[in-house]
Amino acid sequence: MADITIYNPETLGRPLGQYTQVTRVRASEFLFIAGQLAADRAGNVVGEGDFDAQCEQVFGNIELALRSAGAGWGNVVLFTTYLVHSQDIPKLMQYRLRAFPKFFPNGAYPPNTMLMVDRLVQEAFLVEVQAIAAL
């Protein structure tokens, strides 16, 4: 079982969102989850034009990937988030304010790197999230 410590060192500034600066991991196995999009099992776009609906699907897909390995949100050690529109940053922050306390009830949110990209694999996708988990 992984030994995961998520924390903010006093020497770094306070995070600017729902994440933590550092994750320290001692584990024998890692799970690398490809960037998840707002697509259902059949590959259909979910929530076209609806950022919140896309976030729900993206994080739902991550949860399914975690469960496939017998893991859960507490195993996540890092997120990388890709957005198409910088104007969606506040929407992402609001989604995470609502969802992360349910995913991470201890308040230890994994580190996250956010990147703006020109587009994702299809024009309809607004957000993609990659995750790494320790088992």
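Since this is a predicted model, take the numbers as computed values, not measurements. (Residues numbered from 1 in each chain as written. Predicted model: local features only at pLDDT ≥ 70, side-chain atom pairs only at ≥ 80, totals over all residues. Heavy atoms only, no water.)

**Student:** Residues and numbers for the pairing of strand β6 (residues 127-134), please.
**Tutor:** With respect to burial, β6 is a largely interior element, 7 of its 8 residues being buried. By the bridge criterion, 7 bridges tie strand β4 (residues 76-83) to β6 in an arrangement that is antiparallel. For Phe79, the partnering residue across the bridge sits in β6 and is Ala131. (Buried < 20%, exposed > 50% of the residue type's maximum accessible area, 1.4 Å probe, protein only. Helix = DSSP H or I, 4+ residues; strand = E, 2+ residues; numbered from the N terminus. Pairing = 2+ DSSP bridges.)

**Student:** So what's going on with the sheet that holds strand β3 (residues 30-36)? Which residues, and what values?
**Tutor:** Taken together, 4 strands build an open sheet; the order of strands is β3-β6-β4-β5 and the sheet is mixed. Strands at the two margins of the open sheet, each flanked by one partner only, are β3 and β5 (112-116). Strand-to-strand twist of the sheet, defined as the mean angle between neighbouring strand axes without regard to direction, takes the value 10°. Where β3 meets β6, 5 bridges bridge the pair, whose relative direction is antiparallel. (Axes fitted to C-alpha atoms, helices over the stretch in contact; angles between N-to-C directions.)

**Student:** Give me the lowdown on the packing of helix α1 (residues 51-68) against helix α2 (residues 89-103), citing residues and values where you can.
**Tutor:** The interhelical angle for the contact between α1 and α2, taken along N-to-C directions, is 40°, at an axis separation of 10 Å. Crossing hand, α1 versus α2: right-handed. Facing α1, whose interface residues are Phe51, Asp52, Cys55, Glu56 and Phe59, α2 presents Lys91, Leu92, Tyr95, Arg98, Phe100 and Phe103. Here the contact of α1 with α2 is built from residues that sort into 7 nonpolar, no polar and 4 charged. (Left-handed = near helix turned anticlockwise from the far one by under 90°. Contact = heavy atoms within 4.5 Å. Nonpolar A, V, L, I, M, F, W, Y, C, P; charged D, E, K, R; others polar.)

**Student:** Requested: an account of the environment of Thr5, with residues and values cited.
**Tutor:** The topology assignment puts Thr5 in strand β1 (residues 3-7). Judged by its relative accessible area of 37%, Thr5 falls in the partly exposed class. Sequence separation of Thr5 and Arg26 is 21 residues, and the distance between their C-alpha atoms is 9.0 Å. Thr5 has contacts with Val22, Thr23 and Arg24, leaving out every residue within four places of it along the chain.

**Student:** So what's going on with the side chain of Asn112? Residues and values would help.
**Tutor:** Along the chain, Asn112 turns up in strand β5. Within the structure, Asn112 has its side chain in polar contact with the side chain of Arg96 (distance 3.4 Å). Beyond its immediate chain neighbours, meaning those up to four positions away, Asn112 contacts Tyr19, Phe79, Thr80, Thr81 and Arg96. (Polar contact = N/O pair within 3.5 Å; in protein donor to acceptor, adjacent residues only side chain to side chain.)

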